[in-house]
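A structural walkthrough
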Amino acid sequence: MKQSISLNAARAFIEAHFDEPVTLAQLAALSALSVSRFATVFRQQYGSSPYRYLCGLRIQRAQTLLLAGVPGSVVATEVGFFDQSHFGRHFKRCCGMTPSMFIARAGAKATHATHATHATHATHATHATHATKQGDAMSTVSRSASAITSSC
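Residues numbered from 1 in each chain as written. Predicted model: local features only at pLDDT ≥ 70, side-chain atom pairs only at ≥ 80, totals over all residues. Heavy atoms only, no water.

1. Re the packing of aromatic side chains
A complete count under the given rule lists 7 aromatic pairs for this structure. When the ring of Tyr46 is compared with that of Tyr53, the centres are 6.2 Å apart and the planes differ by 35°; the resulting orientation is tilted. Classification of Tyr53 by relative accessible area gives buried; the value is 18%. Where Phe81 meets Phe87, the ring centres are 5.6 Å apart and the plane angle is 45°; that geometry is what we call tilted. Assigned by exposure class, Phe81 and Phe87 land together as buried. Here the basic side chain of Arg58 rests over the ring of Phe81, its NZ or CZ set 5.6 Å away from the ring centre. (Phe/Tyr/Trp six-rings, centres within 6.5 Å; stacked < 30°, edge-to-face > 60°. Buried < 20%, exposed > 50% of the residue type's maximum accessible area, 1.4 Å probe, protein only. Lys NZ or Arg CZ within 6 Å of the ring centre and 35° of its normal.)

2. Brief notes about helix α3 (residues 35–46)
Working note: α-helix, 3.6 residues per turn, so residues spaced by three or four point in the same direction. Between the first and last C-alpha of α3 there are 16 Å, a value that for 12 residues agrees with the 16 Å anticipated at 1.5 Å per step. Turning to α3, its buried residues are Phe38, Ala39, Val41, Phe42 and Tyr46. Of the residues flanking the end of α3, it is Gly47, one or two places downstream, whose phi is positive at about 85°. (Helix = DSSP H or I, 4+ residues; strand = E, 2+ residues; numbered from the N terminus. Expected span 1.5 Å × (residues − 1).)

3. Focus: helix α2 (residues 24–31)
Those residues of α2 that fall on the buried side of the exposure criterion are Leu27, Ala28 and Ser31. For α2, the angular spread of the buried residues around the axis is 100°, confining them to a single face. Two residues or fewer after α2 comes Ala32, characterised by a positive phi angle close to 55°. (Arc of directions from axis to C-beta.)

4. Notes on the nonpolar core
Within the largest apolar cluster, 29 residues are counted, with the highest numbers of intra-cluster contacts made by Ile14, Phe38, Phe42, Val75, Val79, Phe87 and Phe91. Contributing elements (two or more residues each) for this core: α1 (2–16), α2, α3, α4 (50–67), α5 (72–78) and α6 (84–95). By residue number, the principal contributor to this core is α4, which donates 8 residues. With residues up to four places along the chain from it excluded, the contact list for Phe91 reads Ile59, Gln63, Leu66, Gly96, Met97, Thr98, Pro99 and Phe102. (Core = buried A, V, L, I, M, F, W, Y, C linked by side-chain atoms within 4.5 Å. Contact = heavy atoms within 4.5 Å.)

5. So, the confidence of the model for the chain
Looking at the chain as a whole, the pLDDT averages 79, with 70% of positions reaching at least 70. Taken together, the stretch residues 125–152 has pLDDT below 50 and engages in 25 contacts with residues farther than four places along the chain or on a different chain. (pLDDT = per-residue confidence, 0-100.)

6. Side note on the environment of Gln60
Residue position: Gln60 is located in helix α4. A residue is classified by how much of its surface remains accessible, and Gln60, at 31% relative accessible area, is partly exposed. On a C-alpha basis, the gap between Gln60 and Val79 in space is 9.3 Å, while along the polypeptide they are 19 residues apart.

7. Some thoughts on the side chain of Arg58
Considering the arrangement of structural elements, one finds Arg58 in helix α4. At 7.2 Å, Asp19 is the nearest oppositely charged side chain to Arg58, a buried residue that forms no salt bridge. In this structure, Arg58 is in contact with Phe18, Glu20, Pro21, Val79, Gly80 and Phe81, ignoring residues within four places of it in sequence. (Lys, Arg positive; Asp, Glu negative; His and termini not counted. Salt bridge = Lys/Arg side-chain N within 4 Å of Asp/Glu carboxyl O.)

Structural data, given as structure tokens:
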């Protein structure tokens, strides 16, 4: 129980300082554990190493910034990566695509959802007898368009 509480403090520290350099020694000190014991217990508790957890948080924030139109070079430093190359490597390993592919895919999904919504509205206006089916289809399209994966 005590280890769980100390790990929560370390995890909260990672989440609050993901955009800064975070060391295992800092996290281990917060948890009152040795560096090797902290790494082992963290992995057991959260299912990934502290470094992968940190990278995952950075990538999630990066996705949000990329979708907001922030350039990749700025995103890289904003979320705590050393440079754009470092960011791109981690992004691709985590998400299976480059940041530019992510932006293109998000744009394609948004465009597809917009076209599908407009088509649904036109069909709905023309075929009032199918109002229930069209409404269901429109809400499904809207939900899928907004479901761009923000986790790795």
